[in-house]
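Structure at a glance
Chain by chain, the residues run as shown.
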Amino acid sequence: MRPIEQQAAQAYREQFGEEPVVVASAPGRVNLIGEHTDYNGGFVLPCAVDRRVAVAVGPGETQLYSANFHEVRPLLSKREGSWADYPSGVVWAMQEQGSDVSRFRAAFVGDVPLGSGLSSSAAIEAATAFALDAFYHLGIAKKNLAVLCQRAENAFVGVNSGIMDQYASLLCQAGTALLIDCRSLEAEPVPLDLVGADLTLLVCDTRVSRELGATGYNARREACERAAHILGVKELRDAHIQDLDKLSGEELKRARHVVTENIRVLEAVHAVRRQDFAAFGRLMYASHRSLRDDYEVSTPELDAFVEIAMQSSALGARLTGAGFGGCALALIRSDDAGMLVLSVQHYFEERGFKPPVLYSFQPAAGAEVAT
Ligand code: GLA
């Protein structure tokens, strides 16, 4: 068992005075490239990070306990704006599908930073869904659990997100990124041997937290739908560069990002497959510029990290996740990562930004039942 899974089992014992029956965990994710493409039926390339939410489950009158928040919540029948929305949403979605999952106790512990863009919400949903599937012997495939978690997020929690985060948290494998076709929901692991290439992925949590629902996320989605409607296509996945001439204003900018980003994801997969990390890095930086200038979801902190990284000989850097705050990511030679950390800390302090949290990681495993 991972330490975080042991902590969940221990929290269960302390809270409920018994041994749990199932312990499972699921990771946060970082998206390497392919931003705001998932809800346009396009391509994304996330990988799991080694920060997880673990949950221990056993029988009894339903109670949800969070060791992070030191509180017990009942199973909710509607959203209340707390952490308990996520497991409650998953139970709601499972019940909607006819699974009787109403009597269980659960203890949660997590170390995915909240609201940072590393998908702590998908991690708690995926951990809950995977643990309950094992506890009730439901036998639901991981892909279907991901769709179920997305339904919980959209219809219960009320955030209109795409499928990427839940898919990544459930289906990623250690040492690989995951190419997801968000229309067909086909997913393919792409080996990512960073250690062999002497490279590090450095994540910068700018600690500017963004509530997805309260930001322009839904406004971006609506602009994409309008653009698809004007072009007469089902989703922007079906639009081509030459179609962009028919658009103007906000729709043109948003659609140009989505159309070019889908192309960049597929090129990035080729680059990673042939271990051409310089080409991969250039695509990352192009993605950032497109998110900054056309999709307009960057912030001064995210831009600062990206520019410092590029000046510090990073191969590439970009904001990752929805934007509007949260995290950015750089691909850099392992030897140069320490220097980049210092430069970023120094610059953020000088500019009066919040102190950022920086850490490197290797692609980690998706949801697992602990044995
Ligand atoms: C958030 C959403 C995802 C995706 C990204 C942007 O993380 O939850 O579904 O849309 O933003 O790529």
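Residues numbered from 1 in each chain as written. Predicted model: local features only at pLDDT ≥ 70, side-chain atom pairs only at ≥ 80, totals over all residues. Heavy atoms only, no water.

Regarding the packing of aromatic side chains
- Applying the stated criterion across every chain yields a total of seven aromatic pairs.
- Taken together, a centroid distance of 6.5 Å and an interplanar angle of 5 degrees make the contact between Phe 69 and Trp 83 stacked. With Phe 69 in the loop between β3 (63–66) and β4 (71–73) and Trp 83 in the loop between β4 and α2 (85–96), the pair connects residues that are 14 residues apart, well separated along the chain.
- For Phe 69, a relative accessible area of 42% translates into the label partly exposed.
- Of the aromatic side chains, those joined through ring pairs into one cluster are Phe 69, Trp 83 and Phe 108.
- One cation-aromatic arrangement involves Arg 51 over Tyr 359; the distance from NZ or CZ to the ring centre is 4.6 Å. (Phe/Tyr/Trp six-rings, centres within 6.5 Å; stacked < 30°, edge-to-face > 60°. Helix = DSSP H or I, 4+ residues; strand = E, 2+ residues; numbered from the N terminus. Buried < 20%, exposed > 50% of the residue type's maximum accessible area, 1.4 Å probe, protein only. Lys NZ or Arg CZ within 6 Å of the ring centre and 35° of its normal.)

Details of the site of the ligand
- Residues in close proximity to the ligand include Arg 29, Glu 35, His 36, Asp 38, Tyr 39, Ser 161, Gly 162, Met 164, Asp 165, Tyr 217, Gly 321 and Ala 322, which together make up its full environment.
- At 2.9 Å from an oxygen atom of the ligand is found a main-chain nitrogen or oxygen belonging to Gly 162.
- Tyr 217 places a polar side-chain atom, nitrogen or oxygen, 2.7 Å from an oxygen atom of the ligand.
- Coverage of the ligand by the protein chains reaches 98% of its 310 Å² of free accessible surface. (Near = heavy atom within 4 Å. Polar contact = N/O pair within 3.5 Å; in protein donor to acceptor, adjacent residues only side chain to side chain. Areas by Shrake-Rupley, 256 points an atom, 1.4 Å probe, with all protein chains shown as cover.)

Side note on empty space enclosed by the protein
- The final tally for this structure, using the stated rule, is one cavity of 30 Å³ or more.
- Forming the walls of the largest cavity are Val 55, Val 57, Leu 64, Pro 87, Phe 104, Ala 106, Phe 108, Thr 128, Ala 131 and Leu 132.
- Elements that contribute at least two residues to the lining of the largest cavity include exactly β2 (43–58), β5 (105–110) and α3 (120–135).
- The element that contributes the greatest number of residues to the lining of the largest cavity is α3, accounting for three residues.
- Within the lining of the largest cavity, the residues separate by chemical class into nine nonpolar, one polar and no charged. (1 Å grid on protein atoms, 1.4 Å probe; cavity = no way out; pocket = protein on both sides within 12 Å on 5 of 7 lines; lining within 4 Å. Points joined across faces, edges and corners; volume = space filled by probe spheres on them. Nonpolar A, V, L, I, M, F, W, Y, C, P; charged D, E, K, R; others polar.)

Some remarks on the sheet that holds strand β11 (residues 357–361)
- As summarised here, the arrangement of the four strands in space is β9-β10-β8-β11, forming an open sheet in which the pairing is antiparallel. The open sheet has two edge strands, β9 (316–320) and β11, and neither has a second partner. If you compare each strand with its neighbour and ignore which way they point, the axes differ by 25 degrees on average.
- Judged from the seven bridges that link them, strand β8 (residues 199–205) and strand β10 (residues 327–333) form a sheet pairing that is antiparallel. Note that in β10 the partner of Val 203 across the bridge is Leu 329.
- Against the sheet, helix α8 (residues 277–293) touches β8, β9 and β10, its axis set at about 40 degrees to β9. (Pairing = 2+ DSSP bridges. Axes fitted to C-alpha atoms, helices over the stretch in contact; angles between N-to-C directions. Contact = heavy atoms within 4.5 Å.)

Some details on the pattern of salt bridges
- Following the criterion strictly, the structure yields 27 salt bridges and no others.
- Among the ionic pairs, Arg 103 bridges to Glu 61, the shortest N-O distance being 2.7 Å. Placement of Arg 103 in the loop between α2 and β5 and of Glu 61 in the loop between β2 and β3 is noted, with a sequence separation of 42 residues between them.
- Judged by relative accessible area, Glu 61 falls into the exposed class, the value being 56%.
- Residue Arg 183 is joined to Glu 235 by a salt bridge in which the shortest nitrogen-to-oxygen separation is 2.9 Å. Of this pair, Arg 183 sits in the loop between β6 (176–181) and β7 (187–191) while Glu 235 is found in the loop between α6 (217–231) and α7 (249–273), placing the two residues 52 residues apart along the sequence. (Salt bridge = Lys/Arg side-chain N within 4 Å of Asp/Glu carboxyl O.)

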